[in-house]
Amino acid sequence: MVREVSESCVDGLLTEMVACYCNRFYANKPELAARRIEAIGYQVGHQLSERYTMERPRFTDHLEAIKFICKDFWSELFKKQIDNLKTNHRGTFVLQDNKFRWLARMSVDPSTDNVSSVDNNSAPPAESKAAQAMSMHLYFPCGIIRGALSNLGIPCAVSADISNLPACAYFSISFSLSHSLEKSF
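A.B. asks: I would appreciate a short explanation of the pattern of salt bridges in the present structure.
C.D. replies: Once the charged atoms of two side chains with opposite charge are near each other, the side chains can pair. A complete count under the given rule lists four salt bridges for this structure. The salt bridge partner of Arg56 is Asp72, with a shortest N-O separation of 2.3 Å. Here the residue Arg56 occupies a position in the loop between helix H2 (30-52) and helix H3 (62-78), and Asp72 occupies one in helix H3, the gap between them amounting to 16 residues. Here Asp72 falls in the partly exposed class, since its relative accessible area comes to 33%. When the shortest N-O distance is used, the salt bridge between Lys80 and Asp83 registers 2.9 Å. The partly exposed category is assigned to Asp83, whose relative accessible area is 38%. It is possible to trace a salt-bridge network through shared partners that takes in Lys80, Asp83 and Asp97.

Laid out in structure tokens, this is it:
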């Protein structure tokens, strides 16, 4: 029996998690909120990767692991594969998702942005606040990707770019090619 969680529940959980870390726990320290949200994503990705690769043979190279993330892992999470994968063959991969589900239904309340910008001329414009809110939501999937790859033996750095919203989200993965996938036991 396949166990699944409703997509609306995941959307709600992600939204509330980001809101709590950004507005309550670390209201004055967005960089700490971002690190904590990414750390939670890392744990989730690590555990999901463990579950999804349980009955698979170990990956022999980095490209196999990245293809697994783009096809199987992404399909389990988002019910679709990555739309585009690019690499420079030196340890950097860019995953492109043209309709990233976790940002598709996202909106920012313009009334809160306009109030602060009217009262204070130095306040950031509504567009930058909206972009900042969107970027906080991307730390979680970046953590998921980093955790999954770490579990597959690839320590890496993952970042996201949403400059083309709402068209797509780009996830950039960087790691050292000198690192071997063999784990020591």
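After presenting the structure, the write-up continues.
A.B. asks: I tried to follow the packing of helix H1 (residues 7-25) against H2 on my own but got confused; where do I start?
C.D. replies: Viewed as axis vectors pointing N to C, H1 and H2 meet at an angle of 150°, and their least axial separation amounts to 9 Å. Classified by the angle their axes make, H1 and H2 are roughly antiparallel. Between H1 and H2 lies a crossing of right-handed hand. Along the contact surface, H1 presents Met17, Val18, Tyr21 and Cys22, while H2 presents Ala33, Arg36, Ile37 and Ile40.

A.B. asks: What exactly am I supposed to notice about the pairing of strand S2 (residues 92-97) here?
C.D. replies: Side-chain positions along a regular strand alternate between the two faces of the sheet. Judged from the four bridges that link them, strand S1 (residues 84-87) and S2 form a sheet pairing that is antiparallel. Paired with Lys86 across the two strands is Val94, which belongs to S2. Connecting the antiparallel pair S1 and S2 is a turn made up of four residues, with His89 showing a positive phi of about 60°.

A.B. asks: Looking at this structure, how should I read the packing of H2 against H3?
C.D. replies: What describes two packed helices is the angle between their axes and the distance between those same axes. Put simply, H2 and H3 touch, their axes get as near as 11 Å, and they point 100° apart. Taken together, the axes of H2 and H3 are roughly perpendicular relative to one another. From H2, Gly45, Leu48, Ser49 and Tyr52 reach across to H3, where they touch Phe68, Phe73, Glu76 and Leu77. Classifying every residue of the contact of H2 with H3 gives five nonpolar, two polar and one charged.

What counts as what
- Residues numbered from 1 in each chain as written.
- Predicted model: local features only at pLDDT ≥ 70, side-chain atom pairs only at ≥ 80, totals over all residues.
- Heavy atoms only, no water.
- Salt bridge = Lys/Arg side-chain N within 4 Å of Asp/Glu carboxyl O.
- Helix = DSSP H or I, 4+ residues; strand = E, 2+ residues; numbered from the N terminus.
- Buried < 20%, exposed > 50% of the residue type's maximum accessible area, 1.4 Å probe, protein only.
- Axes fitted to C-alpha atoms, helices over the stretch in contact; angles between N-to-C directions.
- Parallel < 35°, antiparallel > 145°, perpendicular 65-115°, else oblique.
- Left-handed = near helix turned anticlockwise from the far one by under 90°.
- Contact = heavy atoms within 4.5 Å.
- Pairing = 2+ DSSP bridges.
- Nonpolar A, V, L, I, M, F, W, Y, C, P; charged D, E, K, R; others polar.

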